[in-house]
Amino acid sequence: MNLFRLLPSIDKLLGRMAEDPELRGLPRALLRDLANDFLDVVREEIRAGTAGADDLDEARLLPRALAFVRVRSKPRFRRVLNATGVVIHTNLGRSNLPDSAVEAVARAARDYSNLEFDLSTGKRGSRYSHVEELLCRITGAEAALVVNNNASAVLLTLQTLARDREAIVSRGELVEIGGSFRIPDVMARSGARLVEVGATNRTHPRDYENAITGETGLLLKVHASNFRIVGFSKEVSLEELVGIGRAHSIPVMEDLGSGNFVDFTALGIPLDEPTVQRRVAAGADVVTFSGDKVLGGPQAGLIVGRREYVDRIKRNPVSRAMRIDKMTLAALEAVLRLYLEPERALREIPTLAMITAGADELKNKARSLRRRLSRDLAGRARLSLKPGSSRVGGGSFPECDLPTTLVAVEPQAPVTAEALREALLATEPPLVGRVEDDAFLLDPRTLRRDEFPLAGSSLDQALESLGAAKES
Ligand SMILES: *Cc1c(COP(=O)(O)O)cnc(C)c1O
């Protein structure tokens with residue numbers, strides 16, 4: 001029997017799709033292409049001998065075709081639920097914006113604005129002016145500039161201050177932060193000549209002193225965001241480096257990576273990182289940091305420091321190629337305004353609220369999540385609470401575990417936790433978590449309460465697709 005002849009026609013598939021509420025409104029040409037893709041997949045199965053006459057029965061094939069087309073016709077860039085407990089998860093979009101910033105983004109997107117228009121003179125203005133004053137007020141710096149991300153902030157600063165000159169860095173700070181961003185490579189591209197000093201574990205003030213020549217343009221300090229050198233180690237403090245820079249009239253730049261405005265240790269949270277304010281007060285001439293790491297704002301690279309250097313960076317024509325767009329600017333201004341009231345910032349900026357969530361609050365959230373899931377899963381998995389730890393992520397605070405309470409989901413055999421994890425990537429919305437000791441773990445730290453019903457629905461869909469039987 002020629003199995004290929006059992007395949008439905010394209011018109012038949014298109015006819016079925018026209019009746020489907022989800023697919024009905026989509027462009028016909030797109031649906032036709034996807035229907036053809038589906039038929040190609042089935043033809044391949046027939047050739048490989050994995051599809052028999054039964055599988056080609058309309059009752060089986062049409063629902064499969066609809067599911068195939070539904071998945072592929074959805075927008076590719078989608079919401080996911082983050083149950084990993086990694087607060088600043090670069091792969092999942094780093095920081096969620098506070099509501100005030102979300103509203104500001106929508107307004108900037110929809111309406112005309114004074115982006116580069118000075119309302120006091122009616123003449124051309126600067127897009128940077130909207131956040132410069134706020135950044136100076138918060139950090140104590142004389143001047144500020146904002147670009148697309150911290151990678152561009154570092155590149156632009158190096159290029160402005162050290163192109164065709166030498167920049168001195170400790171060997172212990174030649175960091176790779178992931179995504180192939182390596183300080184030595186970025187320096188090479190900026191046109192600065194890298195002068196490495198010290199040893200991997202120990203660098204002394206005299207190492208910098210001895211390396212300074214008439215060619216030196218910059219002393220660079222890089223925050224070792226995602227690793228720590230422990231044991232027999234010594235680094236030169238920013239204060240010491242500033243002393244050396246001043247004595248030789250050489251600017252000192254620090255790439256802080258994450259950069260935070262909040263002193264977490266004062267809140268009893270063991271994240272021992274200097275704030276941007278403290279780095280500025282210590283005399284750094286230029287400090288660069290990310291907008292969407294611990295700061296909790298949109299993707300952006302923030303440059304703060306002494307006016308003379310920041311002005312030179314602003315005048316570098318390359319800055320035009322890194323300028324931030326109006327929606328980012330709107331979000332950033334809204335987030336920075338929250339920092340004018342620190343308690344409000346801690347409450348309303350999701351990244352800060354998640355990092356500082358207390359043990360009792362997390363335990364209560366875990367209990368509510370388990371209650372919700374036990375209703376949705378109806379006996380198809382065993383649910384329990386267990387102590388665990390969350391991470392700040394984003395290459396920040398690598399050695400710091402934040403205690404949390406996890407909800408462990410152990411599906412009934414033969415479904416494994418690993419199969420469940422995989423199936424959850426195809427649910428609507430997809431749910432991302434981790435597997436440990438044959439349990440799928442959800443960390444309530446990175447799930448909002450209003451997302452609990454969605455998490456329940458995703459788990460329900462995943463178990464359904466794995467054929468887990470509902471208890472009657
Ligand atoms: C994260 C990081 C960067 C890059 O910042 P992006 O905002 O991701 O471009 C640069 N330097 C350090 C030390 C970092 O931790």
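Keep in mind the model is a prediction, meaning the values are calculated, not measured. (Residues numbered from 1 in each chain as written. Predicted model: local features only at pLDDT ≥ 70, side-chain atom pairs only at ≥ 80, totals over all residues. Heavy atoms only, no water.)

Regarding its fold elements, the protein presents 17 helices and 16 strands. Principal axes of the C-alpha set define a box for the protein whose edges measure 90 × 50 × 45 Å. The buried share of the protein, taken over its 472 residues, is 48%. Accessible surface, the protein as shown: approximately 23,000 Å² in total, 49% of it carbon and sulfur. For the protein, the distance from the average position of its 66 positive side-chain charges to the average position of its 65 negative side-chain charges is 2 Å. (Helix = DSSP H or I, 4+ residues; strand = E, 2+ residues; numbered from the N terminus. Buried < 20%, exposed > 50% of the residue type's maximum accessible area, 1.4 Å probe, protein only. Areas by Shrake-Rupley, 256 points an atom, 1.4 Å probe, with all protein chains shown as cover. Lys, Arg positive; Asp, Glu negative; His and termini not counted. Charge placed at Lys NZ, Arg CZ, Asp CG, Glu CD.)

Before going further, it helps to spend a moment on the site of the ligand. Neighbouring the ligand are Arg 94, Asn 149, Asn 150, Ala 151, Ile 177, Phe 181, His 223, Ser 225, Asp 255, Gly 257, Ser 290 and Lys 293. The side chain of Arg 94 places a nitrogen or oxygen atom 3.0 Å from an oxygen atom of the ligand. Ala 151 is positioned such that a nitrogen or oxygen atom in its backbone is 2.8 Å from an oxygen atom of the ligand. Expressed as a share of its isolated accessible area of 380 Å², the protein-covered part of the ligand is 93%. Those elements giving two or more residues to the shell around the ligand turn out to be helix 6 (150-162) and strand 9 (252-257). Taken together, the residues of the shell around the ligand break down into 3 nonpolar, 6 polar and 3 charged. (Near = heavy atom within 4 Å. Polar contact = N/O pair within 3.5 Å; in protein donor to acceptor, adjacent residues only side chain to side chain. Nonpolar A, V, L, I, M, F, W, Y, C, P; charged D, E, K, R; others polar.)

Judged by nonpolar contacts, the single largest core of 63 residues is most densely connected at Phe 261, Phe 289, Val 304 and Tyr 339. The element that contributes the greatest number of residues to this core is helix 12 (residues 326-338), accounting for 8 residues. Split by domain, this core shows at least three residues from each of two domains, domain 2 (81-91 + 355-471) and domain 3 (99-348). Excluding anything up to four places from it in sequence, Phe 261 contacts Leu 135, Ile 138, Thr 139, Thr 275, Val 276, Gln 277, Phe 289, Leu 295, Leu 336 and Tyr 339. Ranked by size, the runner-up nonpolar core spans 28 residues in total, among them Ala 153, Leu 156, Ile 183 and Ile 313. (Core = buried A, V, L, I, M, F, W, Y, C linked by side-chain atoms within 4.5 Å. Domains from an automatic or database assignment. Contact = heavy atoms within 4.5 Å.)

This part takes up the sheet that holds strand 12 (residues 381-393). Taking strand neighbours across the sheet as the criterion, the 5 strands line up as 2-12-13-16-15 in an open arrangement whose pairing is mixed. Edge positions in the sheet fall to strand 2 (86-88) and strand 15 (434-436), since each has one partner strand and no second. Neighbour-to-neighbour, the strand axes of this sheet turn through a mean angle of 40°, independent of strand direction. (Pairing = 2+ DSSP bridges. Axes fitted to C-alpha atoms, helices over the stretch in contact; angles between N-to-C directions.)

To continue, consider the domain arrangement of the protein. Examined at the domain level, the protein breaks down into domain 1 (2-72), domain 2 (81-91 + 355-471) and domain 3 (99-348). Summarising the inter-unit geometry, the C-alpha centres of domain 1 and domain 2 are found 34 Å apart.

So, on to the sheet that holds strand 5 (residues 143-147). Spatially, 5-11-10-9-8-6-7 is the arrangement adopted by the 7 strands of the open sheet, whose pairing is mixed. In this open sheet, the two strands that pair with only one neighbour each are strand 5 and strand 7 (193-197). Neighbour-to-neighbour, the strand axes of this sheet turn through a mean angle of 25°, independent of strand direction. In terms of strand pairing, strand 8 (residues 216-222) meets strand 9 through 4 bridges, oriented parallel. Pairing of Leu 219 across the sheet is with Val 252, part of strand 9. Taken strand by strand, helix 5 (residues 129-139) contacts strand 5 and strand 11 (301-305), and its axis lies near 120° from that of strand 5. Contacting strand 6 (166-170), strand 7, strand 8 and strand 9, helix 7 (residues 183-190) crosses the sheet at an angle of about 155° to strand 8.

This next bit is on the packing of helix 4 (residues 99-110) against helix 12. Following both chains from N to C, one finds helix 4 and helix 12 inclined at 150°, their axes separated by 8 Å at the closest point. In terms of axis orientation, helix 4 runs roughly antiparallel to helix 12. Here the hand of the crossing between helix 4 and helix 12 comes out right-handed. Facing Ser 100, Ala 101, Ala 104, Val 105, Ala 108 and Ala 109 of helix 4, the residues of helix 12 in contact are Lys 326, Met 327, Ala 330, Ala 331, Ala 334, Val 335 and Leu 338. Tallied by class, residues from the contact of helix 4 with helix 12 come to 11 nonpolar, 1 polar and 1 charged. (Parallel < 35°, antiparallel > 145°, perpendicular 65-115°, else oblique. Left-handed = near helix turned anticlockwise from the far one by under 90°.)

So, about helix 17 (residues 452-465). Two residues of an α-helix separated by three or four positions point the same way, owing to the 3.6 residues in each turn. For helix 17, which comprises 14 residues, the first-to-last C-alpha distance of 20 Å matches the rise-based estimate of 20 Å (1.5 Å per residue) to within 8%. Within the sequence span of helix 17, burial applies to Phe 452, Ala 455, Gly 456, Ser 458, Leu 459, Ala 462 and Leu 463. Projected down its long axis, helix 17 shows its buried positions confined to an angular sector of 160°, all on one face. On its buried side, helix 17 packs onto strand 1 (81-82), helix 15 (359-377), strand 13 (402-411), helix 16 (417-423), strand 14 (431-432) and strand 16 (439-442). (Expected span 1.5 Å × (residues − 1). Arc of directions from axis to C-beta.)

What describes a pair of aromatic rings is the distance from one ring centre to the other and the angle between the planes of the rings. Following the criterion strictly, the structure yields 3 aromatic pairs and no others. Look at Phe 261 and Phe 289: their rings are 5.9 Å apart centre to centre, the planes differ by 80°, and that puts the pair in the edge-to-face class. Here the residue Phe 261 occupies a position in the loop between strand 9 and helix 10 (276-281), and Phe 289 occupies one in strand 10 (residues 286-290), the gap between them amounting to 28 residues. Pair check on accessibility: Phe 261 and Phe 289 agree, each one buried. Among the aromatic residues, those joined into a cluster by ring pairs are Phe 261, Phe 289 and Tyr 339. Taking the ring centre of Phe 68 as reference, the NZ or CZ of Arg 72 above it sits at 3.6 Å. In this structure, Arg 202 is placed above the aromatic ring of Phe 232, and the distance from its NZ or CZ to the ring centre is 3.9 Å. (Phe/Tyr/Trp six-rings, centres within 6.5 Å; stacked < 30°, edge-to-face > 60°. Lys NZ or Arg CZ within 6 Å of the ring centre and 35° of its normal.)

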